Amino acid sequence: MNSITRSRTLRQRVRTAGVGPWLLLPAAVLLAVFVYRPLFRGVELSFFGSDLIGNPSRFVGLANWVEFFTTPDFQRTLWTSLLIAVLAMCMSVGVALSCVLLLRRWLPGRGFFQVVFSLPFAYSAASASAVFFGLFAPSVGGVNLLLDGIGIDGPPWLQQPAWAIFSIAATTAWYESGFAFLVLIAAIKNVPEELIEAAELDGASGGRLSWSILIPLMRPSLVFLLVTQTISGLQTFTQVYVLTRGGPSNTTTTLVFQLYQLAFGQGTPDFGRASVIGVFLVIVVGLVTLVQFRITHRKDA
Amino acid sequence: MVLAQPSTPKRTRRPAARLRTLRAGDVARFAVVLVLMLLMGFPLYMTFATGLFPNGVLVRSGLFPPLNQLTLDNVALAVRSIPLGSQYVVSLCVVVIQTLAQLVTAALAAYALVFPRWRGRAIAFGLVIATLAVPGESLVIPNYELVSQIGLRDTIFGIVVPFLAVGYPIFLLRQAFASLPLELWEAARLDGCGDVRALFLVIMPACRNQVTTAAMWSALAAWNGFFWPLLITDSPANRTVQVGLSQLVTAETTTPSVIFAGTALVLLPTVILVIVSQRLLVSGLASGAVK
Amino acid sequence: MKKALLGAAAGLLALSLAACGGPTSTGVGSSGAPGPDALHDAKGVTEITFWHGLGGANGEALDKLIAQFNSENEGSIKVDSSFQGSYADLLAKYTAGLRDDSTPTVLLAGDIASGYLHDVQRSVSPERMAAANPDDLNLDEIRAAGTNYYSSNGELFAVPLNMSTPVLWVNTDLLAAAGVDPQADLSTLDDMAAAAKKVTATTGVAGLVEPFDGWWFEQLTAASGNVYCAKDNGRGKTGQATSISLTKPAQIAAFKTVADLYTSGAGLDVGVDGNAALTAFTAGQVGMMFNSSGAAGGISAAKVPFGYTAVPYPISGDKTVAGPVVGGSAMWLSSTATDAQKVAGWKLESFLASAQAQEPFAQATGYIPVNTAVDTSSTRTSYLQENPLAKVFVDQVDDAPKTDVTAGCLSGAMTAIRAAVVPQMQAAFTGSISLDDALENAEQAANKAIDQYREQLG
């Protein structure tokens, strides 16, 4: 055997087998137990009615599913979740994009502005909701104080259905804008300098430059943000739990909040009906993810 | 105009010198940015200012109260109303355990998915990636059944156990490992390193940035987690700070100032993190986050 | 390799699906009632757990009693008492405890949890414990209204610890300005409504505030002489409550009277929160307030600059059956505890419900003493002379007829029923929909909740 073949054999030996593949086991087991098993169990639970403490006790087949899709409650909950998701996503990405584009060229204090715009990233859903709970409080909340200062009467932010939905979406948009800002800053940094200079030499400036050059080049990041924020918007729970508890009169109940109500929030737990919502969510999120996959990968073709 | 996408972005010269000339449009731009900053920064200001003054003072004095009224009473009350102290400890434990566990399992998994060749490697990777599309809330009820049966209800370990291995860090590290030159790994193995030593002594150090990004992602997710900790714990002292905040909001004896004080206390670590690691955050997001 | 991994995963899946069929379902616990020997024969200190939802000053008063009990029984019984947050949190924790067998020996549960706890059947009957332990609590001493509330089919299922009653709080200055005499003109619902309108007309201030909590609609129903749920409010031989009833004529009239106040501007809307109503009352923003007798402490602490008093809840129906429903909480003894623990738990319940504990507890908290032996003590008589409002409360509870109507609805679905009824009533009171539509919607939604509950009951 000459040295080349010897090293090739050595390489092959090094590459194949050994203990290597088994290193996947811890993660595989954990994912199997805590992600895949619950997926199947959730489907199983959705076919059962519960007893007084939540255990599946009666096989009811598709009854829970039929009930879920035919009650007006379902349509309202779905609509609320969609509305909050889309509103929040538009506001968050809109503001973040504007900030990023406005700060692209130098301004005095730009570093400071960047820090402020990215700070909402430090907030979790719970802390942002706690803060906005205080800000939206009737008459003594910060928002109404500001409005009073310029002579406008603040609406009942959390007590009226339409405003309550807006308030939840605004809270979500605010704390998600931090992450969006950071992602878009990174995206715009990746736009090659020569392109911008060439465009400016051609006479494009400000708005036109942004619209026809920058935004298209930031497309992957924008799509990423749009999709992930819509998905997480569909799963809104914390903001509803802290700000309105689903009220007023169940008008801000989202899908996940209803799941919580059915399984943990109303005296006698009903794991069967709640699991229907869980499985439905998997389907919806899966579909949206598939759509995102198609969009991003079709473009690269 | 034809846009030819260059292969790598290049910077020809420092842009600062040329861009520092102020034009007329810049004044308008500055004004808009200022307004945006005031709007977006308002909740930030209120978070930290309201908690430092007695209840109602901020309201009555038009948002800029005299500094001689500064007080830490609200903070003290927040710490007492919910046991914020022990909740902080719980949250810290959760962050440490979850981050370490996720990093270790992800490193091991990513290694197995990149370097050794074996049949089914692609399918296994697909199964891992598929978990990214599963919303956590859908798994909550069956996991609740399981975790309470094991007897881990209302414990720190119960909070952590469903998240000891999750898909996203595995994905991040897998991409990082895959971008390394194969020779690096081969050399380590030829030198006599077993798989585990190769992983921790050679591969991981070579991907320091991505490992840091994965660690930060895990830590942040652990700190911010709400739904699962809410359900699996019920004693106030065993809950995380995020859940504690939600209880503070509805507690009978709290006033708005106390809520803000408690929130500010919970936010301190992440706020400091964001301020201090601006560059790292941006580069971390640019390099691997966007698929 | 792939096969091995998939095989392992599939095996794990199957294993855990099989193993995790869930804990044992709600069996009928052993409701055997041990006698005092079980405790005497037990070696060492018998430790028991006690969960409650009383916070603030009331919680402190309870803690004092627990400490007293512990010191009196040192060496034989030790009580570990813990505050579990609101009654809702307490119940959620108890339900979770049922799943993994970590329930407390004695549970102090809110009044509306009674139906659920009764159905879950994890508690020992107080009557059997009293029969087996004749030296402890004498059930005849429990105030009749409490026995009425916490009984089903004539049998007591829990021992009340604290009792409150709904009253009409009155700002006497405002009413005097409107020419209304609180003692004479507020005994019926219509009188009260007229007075409220007068207050608004003459002073411009709202006449009445009622929190939109479900309790108040149940009170309006009971005061109109109707049961809230069929049949017999869920308390008779026919067993479970089967449906809710919101459309009896007297009931609708009662709802209409109050709704009318709101839509005509004489009512103040503070949402569902009783504390918000209290704040408005103490700020002088309203002439009269429906609130619990327990609000006395908060009002006196606010040191209001105006005169105030409390008058009995206005009745709108036949006085021989109609009256207010008591509120509060009661103690449930776990049937899955050991015999020694059961006896120890019964001793704790007996102590907490005894006259010697109830008297200081009632004074400290403003609750009505559940033990009638307190009424005859001299200290109590002088206390009542100094605190006439306390006398108003206890008289109302004693004078009300003890019927199914005044016992309130017993149903495990009460939480869901309230969740169904309250949004509808709220919409009606604020004028968004007509009262008739609201009542119909509420009935439908509440009946659905009852049906679902009965399905779960099996």
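Residues numbered from 1 in each chain as written. Chains lettered and ligands numbered in written order. Predicted model: local features only at pLDDT ≥ 70, side-chain atom pairs only at ≥ 80, totals over all residues.

1. A few points about the overall build of chain C
(1) Moving on: Scanning chain C from terminus to terminus reveals 21 helices and 14 strands.
(2) Moving on: In terms of overall size, chain C behaves like a compact globule, its C-alpha atoms giving a radius of gyration of 24 Å where 458 residues would be expected to give roughly 23 Å.
(3) Moving on: Counting only C-alpha atoms and orienting by the principal axes, one finds that chain C spans roughly 80 × 65 × 45 Å.
(4) Moving on: Split into buried and exposed, the 458 residues of chain C put 51% on the buried side. (Helix = DSSP H or I, 4+ residues; strand = E, 2+ residues; numbered from the N terminus. Rg over C-alpha atoms; globule rule 2.2 N^0.38 Å. Buried ≥ 20, exposed ≤ 12 C-beta atoms within 10 Å, placed from the backbone.)

2. Describing the overall build of chain A
(1) Moving on: Along its length, chain A carries 14 helices and two strands.
(2) Moving on: Taken over the C-alpha trace, chain A has a radius of gyration of 25 Å; the compact-globule value for 301 residues is 19 Å, which it surpasses by more than 25%.
(3) Moving on: C-alpha atoms of chain A, sized along the principal axes, occupy 75 × 70 × 30 Å.
(4) Moving on: The proportion of buried residues among the 301 residues of chain A is 50%.
(5) Moving on: Sequence separation of at least 24 residues holds for 69% of the intrachain contacts in chain A that already meet a minimum separation of 6. (Contact = placed C-beta atoms within 7 Å.)

3. Considering the sheet that holds strand β14 (residues 327-333) of chain C
Residues and elements named next belong to chain C.
(1) Moving on: With mixed pairing, five strands are arranged side by side in an open sheet as β2-β1-β3-β14-β6. At either end of the open sheet lies a strand with only one pairing partner, and these are β2 (77-83) and β6 (159-164). Along the sheet, successive strands turn relative to each other by an average axial angle of 15 degrees, direction set aside.
(2) Moving on: One ladder, built from five bridges, connects β6 with β14; its direction is antiparallel. Bridge pairing in β14 places Asn-162 opposite Ser-329.
(3) Moving on: Along the sheet, helix α3 (residues 56-72) makes contact with β1 (46-52) and β2, crossing β2 at roughly 165 degrees. (Pairing = 2+ DSSP bridges. Axes fitted to C-alpha atoms, helices over the stretch in contact; angles between N-to-C directions.)

4. What about the domain arrangement of chain C?
Residue and element names in this part refer to chain C.
(1) Moving on: The domain architecture assigned to chain C consists of domain 1 (40-164 + 326-376) and domain 2 (166-325 + 409-457).
(2) Moving on: Here the C-alpha centroids of domain 1 and domain 2 sit 29 Å apart.
(3) Moving on: With four residues, helix α5 (residues 114-120) is the largest single contributor of residues to the side of domain 1 that touches domain 2.
(4) Moving on: Broken down by class, the residue content of the side of domain 1 that touches domain 2 amounts to six nonpolar, seven polar and one charged. (Domains from an automatic or database assignment. Nonpolar A, V, L, I, M, F, W, Y, C, P; charged D, E, K, R; others polar.)

5. Section: the interface of chain A and chain B
Often, the extent of an interface is quoted as the loss of accessible area on bringing the components together.
(1) Moving on: At the junction of the two partners, chain A supplies 93 residues and chain B supplies 87 residues.
(2) Moving on: For the side of chain A that touches chain B, the element with the highest residue contribution is helix α2 (residues 25-45) of chain A, accounting for twelve residues.
(3) Moving on: The class makeup of the residues in the side of chain A that touches chain B is 62 nonpolar, 22 polar and nine charged.

6. Some points on the nonpolar core
Buried together is how nonpolar side chains tend to be arranged in soluble globular proteins.
(1) Moving on: In terms of nonpolar packing, the biggest core is built from 305 residues, with Leu184(A), Ala109(B), Tyr111(B) and Leu168(C) touching the most fellow members.
(2) Moving on: Apart from residues lying up to four places away in sequence, Tyr111(B) is in contact with Leu23(A), Phe177(B), Asp195(B), Leu199(B) and Ile203(B). (Core = buried A, V, L, I, M, F, W, Y, C linked by C-beta atoms within 7 Å.)

7. Details of the confidence of the model for chain A
(1) Moving on: With 90% of its residues at a pLDDT of at least 70, chain A reaches an overall mean of 86.
(2) Moving on: The spread of mean pLDDT over the elements of chain A runs between helix α1 (residues 3-15) of chain A, the lowest at 60, and α2(A), the highest at 95. (pLDDT = per-residue confidence, 0-100.)

8. Examining the confidence of the model for chain C
Residue and element names in this part refer to chain C.
(1) Moving on: Mean pLDDT over chain C works out to 85, with 93% of the residues at or above the 70 mark.
(2) Moving on: Of the regions scoring below 50 in pLDDT, residues 14-30 engages in 29 contacts with residues more than four places distant in sequence or in other chains.
(3) Moving on: Here the complex is predicted with pTM 0.83, and the ipTM for its interfaces comes to 0.88.

9. Regarding the sheet that holds strand β7 (residues 166-171) of chain C
Residues and elements named next belong to chain C.
(1) Moving on: Strand order in the open sheet formed by five strands is β11-β8-β12-β7-β13, and the pairing between neighbours is mixed. Each edge of the open sheet carries a strand with a single partner, namely β11 (267-268) and β13 (308-312).
(2) Moving on: Two strands pair when backbone bridges link them, and strand β8 (residues 206-209) and β11 are joined in this way by two bridges, in the parallel orientation. Residue pairing across strands places Val-209 opposite Leu-268, the latter belonging to β11.
(3) Moving on: Packed on one face of the sheet, helix α18 (residues 388-399) meets β7 and β13 and runs near 10 degrees to β13.

10. Concerning the packing of helix α4 (residues 72-102) of chain A against helix α11 (residues 219-234) of chain A
Packed helices, taken two at a time, are described by the angle between their axes plus the distance between the axes.
Residues and elements named next belong to chain A.
(1) Moving on: As a packed pair, α4 and α11 sit with axes 8 Å apart at the nearest point and diverge in direction by 145 degrees. The interaxial crossing formed by α4 with α11 has right-handed handedness. In this structure, α4 contributes Ser-81, Ile-84, Ala-85, Val-86, Ala-88, Met-89, Ser-92 and Val-93 to the contact, and α11 contributes Leu-222, Leu-225, Leu-226, Gln-229, Thr-230, Gly-233 and Leu-234.
(2) Moving on: Across the contact of α4 with α11, the residue classes tally to ten nonpolar, five polar and no charged. (Left-handed = near helix turned anticlockwise from the far one by under 90°.)

11. Section: the packing of α2(A) against helix α7 (residues 140-150) of chain B
(1) Moving on: For the pair α2(A) and α7(B), interaxial distance at closest approach is 8 Å and the crossing angle is 105 degrees. Overall, the two elements α2(A) and α7(B) adopt an arrangement that is roughly perpendicular. Residue-level contacts link Phe34(A), Arg37(A), Pro38(A), Arg41(A), Gly42(A) and Leu45(A) of α2(A) to Ile141(B), Pro142(B) and Asn143(B) of α7(B).
(2) Moving on: Here the residues of the contact of α2(A) with α7(B) are counted per class, giving five nonpolar, two polar and two charged. (Parallel < 35°, antiparallel > 145°, perpendicular 65-115°, else oblique.)

12. What to know about α2(A)
(1) Moving on: With 21 residues, α2(A) should cover 30 Å at 1.5 Å per step; its first-to-last C-alpha distance of 28 Å lies within 8% of that length.
(2) Moving on: Where α2(A) bends most, at Ala32(A), the angle is about 40 degrees. (Expected span 1.5 Å × (residues − 1). Bend = angle between axes of the 7 residues up to and from the residue.)

13. Some details on unusual backbone geometry
Residues and elements named next belong to chain C.
(1) Moving on: Between Ala-230 and Lys-231 the backbone carries a cis peptide bond, its omega angle lying at -5 degrees.
(2) Moving on: Positive phi outside glycine occurs at Asp-232, with the angle close to 55 degrees.
(3) Moving on: Turning to its location among the elements, Asp-232 is positioned in the loop between β9 (229-230) and β10 (243-244).

14. Some details on the environment of Asn55(A)
Residue and element names in this part refer to chain A.
(1) Moving on: Take Asn-55: it is sitting in the loop between β1 (48-50) and β2 (56-59).
(2) Moving on: Since 22 C-beta atoms lie within 10 Å of it, Asn-55 is described here as buried.
(3) Moving on: Linking Asn-55 and Asp-270, residues 215 residues apart in sequence, is a C-alpha distance of 8.1 Å.

15. Let's talk about the pairing of β1(C)
All names here are of chain C.
(1) Moving on: With five of its seven residues buried, β1 lies for the most part within the structure.
(2) Moving on: Two strands pair when backbone bridges link them, and β1 and β2 are joined in this way by seven bridges, in the parallel orientation. Of the residues in β2, the one forming a bridge with Trp-51 is Ser-82.
(3) Moving on: Where the polypeptide runs from β1 across α3 and back to β2, its parallel neighbour, the crossover connection is right-handed. (Right-handed = clockwise from strand over helix to strand, strands pointing away.)

16. Considering the environment of Lys43(C)
All names here are of chain C.
(1) Moving on: Here Lys-43 lies in the loop between α2 (37-41) and β1.
(2) Moving on: Look at Lys-43 and you get exposed, because 6 C-beta atoms sit within 10 Å.
(3) Moving on: For the pair formed by Lys-43 and Ala-340, sequence separation is 297 residues and the distance between their alpha carbons is 9.5 Å.

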